[in-house]
Every structure is written in C-alpha cells, then in structure tokens.
Amino acid sequence: MVVIPREEQPALKKAWFTYSLILINIIVYVYTSYNNLLLTSTNESIYKLGFIPQILLEDPVQGVLRIFTSMFTHVNIFHIFFNMYFLWIFGRSVENAIGHKRFLILYLLSGIAASIFYFAFIPIGGYDSLVIPAIGASGAISGILGAYLLLFPNTKLMFCLFFIFIPICIPVSSIIFLIIWFSEQVIYGFLELGGVAYFAHVGGFITGIFLSYVFFKDSSVRLNYHLLMEYSSMMEKIGIKGMPRRIGKWTKYFLTFLFILIFLAFSSGTAEVYATNTNIYFLNVTANGQSDVVVLKLYSGKAEVSQSSVDEVRILLNRIPESFICNKELANKNMTYREFYNVTINGVSVPVFLDAVFSYRYDGIVDYASGNISTYIVLTDIYGNSNLDGKVNISFNMTSQYTNIKEPLVISSSASILLTIGAIISLFRIEEALSVSFYDLWRERWI
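Quick notes on the rules
- Residues numbered from 1 in each chain as written.
- Predicted model: local features only at pLDDT ≥ 70, side-chain atom pairs only at ≥ 80, totals over all residues.
- Heavy atoms only, no water.
- Phe/Tyr/Trp six-rings, centres within 6.5 Å; stacked < 30°, edge-to-face > 60°.
- Helix = DSSP H or I, 4+ residues; strand = E, 2+ residues; numbered from the N terminus.
- Buried < 20%, exposed > 50% of the residue type's maximum accessible area, 1.4 Å probe, protein only.
- Lys NZ or Arg CZ within 6 Å of the ring centre and 35° of its normal.
- Pairing = 2+ DSSP bridges.
- Axes fitted to C-alpha atoms, helices over the stretch in contact; angles between N-to-C directions.
- Contact = heavy atoms within 4.5 Å.
- Parallel < 35°, antiparallel > 145°, perpendicular 65-115°, else oblique.
- Left-handed = near helix turned anticlockwise from the far one by under 90°.
- Nonpolar A, V, L, I, M, F, W, Y, C, P; charged D, E, K, R; others polar.
- Patch = residues over 30% accessible without salt bridge, like charges linked within 9 Å, V, L, I, M, F, W, Y side chains within 5 Å.
- Areas by Shrake-Rupley, 256 points an atom, 1.4 Å probe, with all protein chains shown as cover.
- Salt bridge = Lys/Arg side-chain N within 4 Å of Asp/Glu carboxyl O.

**Examining the packing of aromatic side chains**
(1) Moving on: Evaluation of the coordinates by the stated rule reveals 29 aromatic pairs.
(2) Moving on: Here the aromatic rings of Phe-182 and Phe-205 are separated by 4.5 Å at their centres, their planes lie at 20 degrees, and the arrangement is stacked. Of the two residues, Phe-182 is situated in helix H9 (residues 174-190) and Phe-205 in helix H10 (residues 198-216); the sequence distance between them amounts to 23 residues. Across the pair, exposure class does not vary: Phe-182 and Phe-205 are buried alike.
(3) Moving on: Look at Tyr-253 and Phe-428: their rings are 6.1 Å apart centre to centre, the planes differ by 35 degrees, and that puts the pair in the tilted class. Here the residue Tyr-253 occupies a position in helix H12 (residues 249-275), and Phe-428 occupies one in helix H15 (residues 406-434), the gap between them amounting to 175 residues.
(4) Moving on: Residue Phe-428 is classed as partly exposed on the basis of its relative accessible area, which comes to 38%.
(5) Moving on: Grouped by ring-pair contacts, the aromatic residues Phe-81, Phe-82, Tyr-85, Phe-86, Trp-88, Phe-90, Tyr-148, Phe-152 and Phe-177 constitute a single cluster.
(6) Moving on: Over the face of the ring belonging to Trp-88 we find Arg-92, whose NZ or CZ atom lies 4.1 Å from the ring centre.
(7) Moving on: Directly above the ring of Tyr-299 sits Lys-297, whose terminal nitrogen or CZ lies 4.3 Å from the centroid.

And the structure:
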C-alpha cells in the first residue's frame, strides 16, 4: 500500500523540525546498519536501542531511555524509507499548522504513547512481546497522521495497491486513506499478525488526535491555523487549491466505534490478568554459548513458555518437560536428573537424554538449572512432513526471575484508556476550535 500526494498544503514557513527529524532518523540508521551495507540494522543495535518491556520492568530508567532511542531505530532500508516518506508527506503540513515546538512535542509524546499502548496490549497480543524489541518511528508518525486527519481531512492523495507488481491507483481524500489505514492497524492488531506492533501505531494515532485538540485550545495555534486557511482560501480564488472540509459525523461515529473496541480490549486484557492470577517469570537461558530470554507464563494452573529465536535455546526448551520447569511438589528442592525419555515434536517422537541439576524456588518454579542434554533435531519440509535428523548435544544453564507485571499493566492500560477517551472527546470538540472566526481570534489574541 502506497500513498502519493496529489496536492501540497499551503506553507507559511519551512518545516524545519520535520526535515531535522528525517535527518536524525537517517543518521541513526546509517550508524546501526553500516556493517550490513545499509540494508539492515544489526541485531546488536536493535536489542541495544529498541524498546523491550522486560528492561522497563527491571530497570525503569534504562527502559524509559529505550522508549526514546527506539523512535529513531529501524529494522531495514524499507522500514526507514516508508516511515520517512510518511513523515515527509504529512509532517510538513502539521508542523505549519501547530508550530515547530508543538510539532516536536506531538512527535515525541505520540512515540511515548505508542510504547505505552504496546505494553498495555501484551495480555491480548501475547506475553512473548515482553522480550521482543519494538523499534521504529511509526508510533510517533502515527500521531502526526492523527493530527493530519483533523486538520486536513480533504487533501487529495493517490492511493495505490499492488497486484502482482502492477500498481492500481485511485484518487482519494486524506480522510478516506487515514480511516482505512487506522482500521487496518486495529484489525491486524486484534488478529495478532506477527512482525508489526500494530497497537503502537494505534496509540500514536489516538494521541495525535487528542493532542491536536489540546494544542488548539491555545489561541496562538488557532490563529496560526486560520492564517494558513486564509492563505489557502486566497489560493482557492485563483484556482490553486480548495479549502479542506471538516470530518463528518459518520466518520466521527466510526472512529468512536473503533476507539470503544480498543477501550474494551485494554479493560478486558487487564481484568483477565487478575481473574486468571497470571504470573510472569523471565527465563535466562544459555545453550552452547548462545543466550536468550524467554517468558514463562503461569495462569489458572497452567504454564506456557514462549518460543526462542535462538535455535539452541528453542531446541533445549522444547525437550524439557513442563514438570521440570514448574512443579509445586518440588518447591525448595534440589533435583539431579539422569533420565531417558521421549517428547513429541511436530508429531514425531524424539528421544532425549537429560543429565542436569535443577534447583527450585518456594513456588515450585525452577530457580537454577545446569547440565547437558542429548537429543535429535526435527526437520519439517514444505509439505509439513517431519522427521528426525542429526544428533545434537547441548550444554546449558538456566535461571529464572519473577516480575510483577500486574501493576505496570494497570498503569499502562489506564493511561491508554484515558488517552482513548480524550481522543473521543477531541473528535467531537475540535470543531469548536476550528470554527472560530479569524476576527474573533485576532481580538482574543491582541485586544
């Protein structure tokens, strides 16, 4: 999906902060990707600069710092290209409408809100998100899109979709494009499609709508916007551009419906954490010298361990029975295992020999484990057929750490809910600020 501007909004001044933010993002990308010929950022830089909720829980200062560094970090060249392209298209007009300083505040606060929504969505999207870095300027830019929706809803754009590399483009107004885009973020977020932090985009967009109304309560911002519109009206008279219309009531109702769904999702997600007595542990695992952190989730008497992206760690965890990781009968005990057993992986019975020492916490969760495991790799072909492959020996150690996630989730969910309510109010009250006459604003400002 690509959007191309068909007309430019009038500009009374240069959008210096938009250009500066684009430059900063590019500089950071060059720094994180030069070792990979500028094609992709290194994994080290992603984990060093990305926002990881686990770090926020364990080291709040470092976690908050990561919120800011993650706004300027991108995965690959396509990621940064399209983000900067959207910032260039929509950022200049918004900066001209609300001013340089408020534009920067909008950008940063939307980025912060994106991280808050990302965290609050964890009970719905999956607890493995606690250890997955979220990066990109998308959340901050989504805030700019939210502001653009209210301020310039009728700007003409070209909306292009690709079918087998053939572009099919149709002219649309910005309000249609942004409604479609936002609806996709909500739907994809609820469908839990992997790889993209959709609810971070949702959080940025909602914050952009809310802050637009907050900024327009300031008479100087309203005056600047109306100067911009008066200039646009002059251009219209000589046939250059039409005045932007306001968003209609049905658009407001539709957005409100989506906002209410988001409100209910955060409320139910947080309620479920308490209802199921969910507890979260981080398992720090090293296997054959390769380390990773995975999430152990305990709820309603059940245990789930998230998947690891590190092959050795994933193979190890898939072959250790749940009863060895979590067993109340082993509370405060030390156990030595020298056992042969079989586990089922993708329908294949896999032999395992475990030679290890496990130490358990007071609640029966493994506190420390160290030893060796001998097993076989399972290969699955493109048709879904699995079979045993080569033998592998893994030397490992494992530690666990309990984390209190309930209170942070309540705080992040409450903040997300309040921002969502604020955005609903802003949708229906922004007209008051935008409809004030130029003369009344001049009187309010200088008389």
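Okay, back to it.
**Re the sheet that holds strand S5 (residues 290-299)**
(1) Moving on: With respect to topology, seven strands assemble into an open sheet ordered S6-S5-S4-S10-S9-S8-S7, the strand pairing being antiparallel. Both outer strands of the open sheet, strand S6 (302-305) and strand S7 (334-345), are each paired with one neighbouring strand and no more. The average angle at which neighbouring strand axes cross in this sheet is 25 degrees, direction not considered.
(2) Moving on: Running at roughly 120 degrees to strand S4 (residues 279-287), helix H13 (residues 311-318) makes contact with S4, S5, S6, S7, strand S9 (366-380) and strand S10 (386-403) of the sheet.

**Thoughts on the packing of helix H5 (residues 77-98) against helix H8 (residues 138-151)**
(1) Moving on: At a closest axis distance of 9 Å, the pairing of H5 and H8 adopts a crossing angle of 40 degrees. When the interaxial angle is binned, H5 and H8 end up oblique. Crossing hand, H5 versus H8: left-handed. Residues His-79, Asn-83, Met-84, Phe-86, Leu-87, Phe-90, Gly-91, Ser-93, Val-94, Ala-97 and Ile-98 of H5 lie in contact with H8, whose contacting residues are Ser-138, Ile-141, Ile-144, Leu-145, Ala-147, Tyr-148 and Leu-151.
(2) Moving on: When grouped by side-chain class, the residues that make up the contact of H5 with H8 number 13 nonpolar, five polar and no charged.

**Describing a nonpolar patch on the surface**
(1) Moving on: Together, Leu-37, Leu-39, Ile-77, Phe-78, Phe-81 and Phe-82 line one region of the surface with nonpolar side chains, adding up to about 650 Å² of accessible area.
(2) Moving on: Residue position: Phe-78 is located in helix H5.
(3) Moving on: Judged by relative accessible area, Phe-78 falls into the exposed class, the value being 57%.

**What about the pattern of salt bridges?**
(1) Moving on: Tallying each qualifying case throughout the model produces three salt bridges.
(2) Moving on: Salt-bridge contacts for Asp-311 lead to Arg-314; the nearest nitrogen and oxygen are separated by 2.7 Å. Here Asp-311 and its partner Arg-314 are both found in helix H13, three residues apart, which amounts to about one turn of the helix.
(3) Moving on: Of the charged contacts in the structure, one is a salt bridge between Arg-361 and Asp-363, with a shortest N-O distance of 3.2 Å. A single burial state applies to Arg-361 and to Asp-363, both of which are buried.

What is shown is where atoms sit, not what they do.
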